[in-house]
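A look at the structure
Listed below are the residues making up each chain.
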Amino acid sequence: MNTIAYEIDGQRTELEFPSTLAEMNGEQLIAAVRNMLSGEDIPLADLAVLTGVPTDTLELFSPFQLYSLREMFTFLHDADREALNFREWKIPTITVNGTTWYGPMSNFANITWEEFVYVDQCFLNGLHRPMVAALFRPEREGYNGETDRRIPFTTFGTANRYELLGEPDPAIQTAILLNYVAMRRASLEETYPQLFPQHGSEPDDTHEADFTDEDPEAADTPSGNFSWTGVHRNLLGDNIQDEEKYLHLNVHTVLNRLNQLILDNKRHH
């Protein structure tokens, strides 16, 4: 974290603000992405979000002070994206047509195997809008804190929400993509190394995510030679009667099992 101290009318204020993407909250991440996409000087409103210094206070800063403060965020344009490695989901909600949609929990804690197969295949195929429509869902009726807050995942519901998303805000949607990349690396790729090195994805995260001409049904299409649907079918084998059970397991339960199977197979060969 970085620190800023300023004094106005004899009152000194000291604040901490992020020095990496990993240290940002959701609002700050969206503001950071907005600047990454524009390539221009950070406007005062976004600088206020990033630093915690109120906009009317920033207006009292000298041009040199504002320049120095903006220089603290040059890391946003660095080619090295080591900061894109954290387990926290930073964007809890999005608003679509006045309705709140809720995102996943940190560390993929409430992601089922079925949801992951769809979402990650979308990610690998560059289908970002269906991916967002799958991750973010309305609150389930009668939610009381004892279940996932989101309505259950279905491919049919995702297709309907995809249509409702309309023209997405580039900063919000790209921030969601970056958050997914970071959480995928920290929570999955590093945890299950037998599964991910051969098909890890490295999107160009300094540019606006492409959300045009997408087909949510194309999530079943393999990316290169890899398909999570194929992995799922191989996992089932002849036990097709157990498919519903597998689909509703937590993604970590399934990936941990697959990772162990690969390790066991290597030990015996």
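Here goes a summary of the coordinates provided.

Rules of the game
- Residues numbered from 1 in each chain as written.
- Predicted model: local features only at pLDDT ≥ 70, side-chain atom pairs only at ≥ 80, totals over all residues.
- Heavy atoms only, no water.
- Helix = DSSP H or I, 4+ residues; strand = E, 2+ residues; numbered from the N terminus.
- Contact = heavy atoms within 4.5 Å.
- Areas by Shrake-Rupley, 256 points an atom, 1.4 Å probe, with all protein chains shown as cover.
- Buried < 20%, exposed > 50% of the residue type's maximum accessible area, 1.4 Å probe, protein only.
- Arc of directions from axis to C-beta.
- Expected span 1.5 Å × (residues − 1).
- Polar contact = N/O pair within 3.5 Å; in protein donor to acceptor, adjacent residues only side chain to side chain.
- Pairing = 2+ DSSP bridges.

**Some remarks on the overall build of the protein**
Regarding its fold elements, the protein presents 11 helices and 5 strands. Residue pairs in contact within the protein that sit at least 24 positions apart in sequence constitute 69% of those at least 6 positions apart. For the protein, the exposed area adds up to about 13,900 Å²; of that, 48% sits on carbon and sulfur atoms.

**Examining helix H9 (residues 228–236)**
When H9 is considered as a whole, its buried residues turn out to be Trp228, Thr229, Val231, His232, Leu235 and Leu236. Relative to the axis of H9, the buried residues are bounded by an arc of 160 degrees and lie together on one face. Opposite the packed face of H9, turned more than 90 degrees from it, sit the exposed residues Arg233 and Asn234. Of the surrounding secondary structure, the elements contacted by the buried residues of H9 are helix H5 (113–125), helix H10 (243–247) and helix H11 (251–267). Two residues or fewer after H9 comes Gly237, characterised by a positive phi angle close to 60 degrees.

**Describing helix H8 (residues 170–189)**
Taking 1.5 Å per residue, 20 residues should reach 28 Å; H8 reaches 26 Å between its end C-alpha atoms and fits that length. Of all 20 residues in H8, 18 are buried; the element is thus mostly enclosed. In this structure Asp169 caps H8, since a side-chain oxygen of it lies 2.9 Å from the backbone nitrogen of Ala171.

**As for the sheet that holds strand E5 (residues 137–138)**
As summarised here, the arrangement of the 3 strands in space is E3-E4-E5, forming an open sheet in which the pairing is antiparallel. Each edge of the sheet is formed by a strand with only one pairing partner; in this case those strands are strand E3 (93–96) and E5. Bridge count between E3 and strand E4 (residues 99–102): 4 bridges; the pairing is antiparallel. Directly across from Val96, in E4, lies its bridge partner Thr99.

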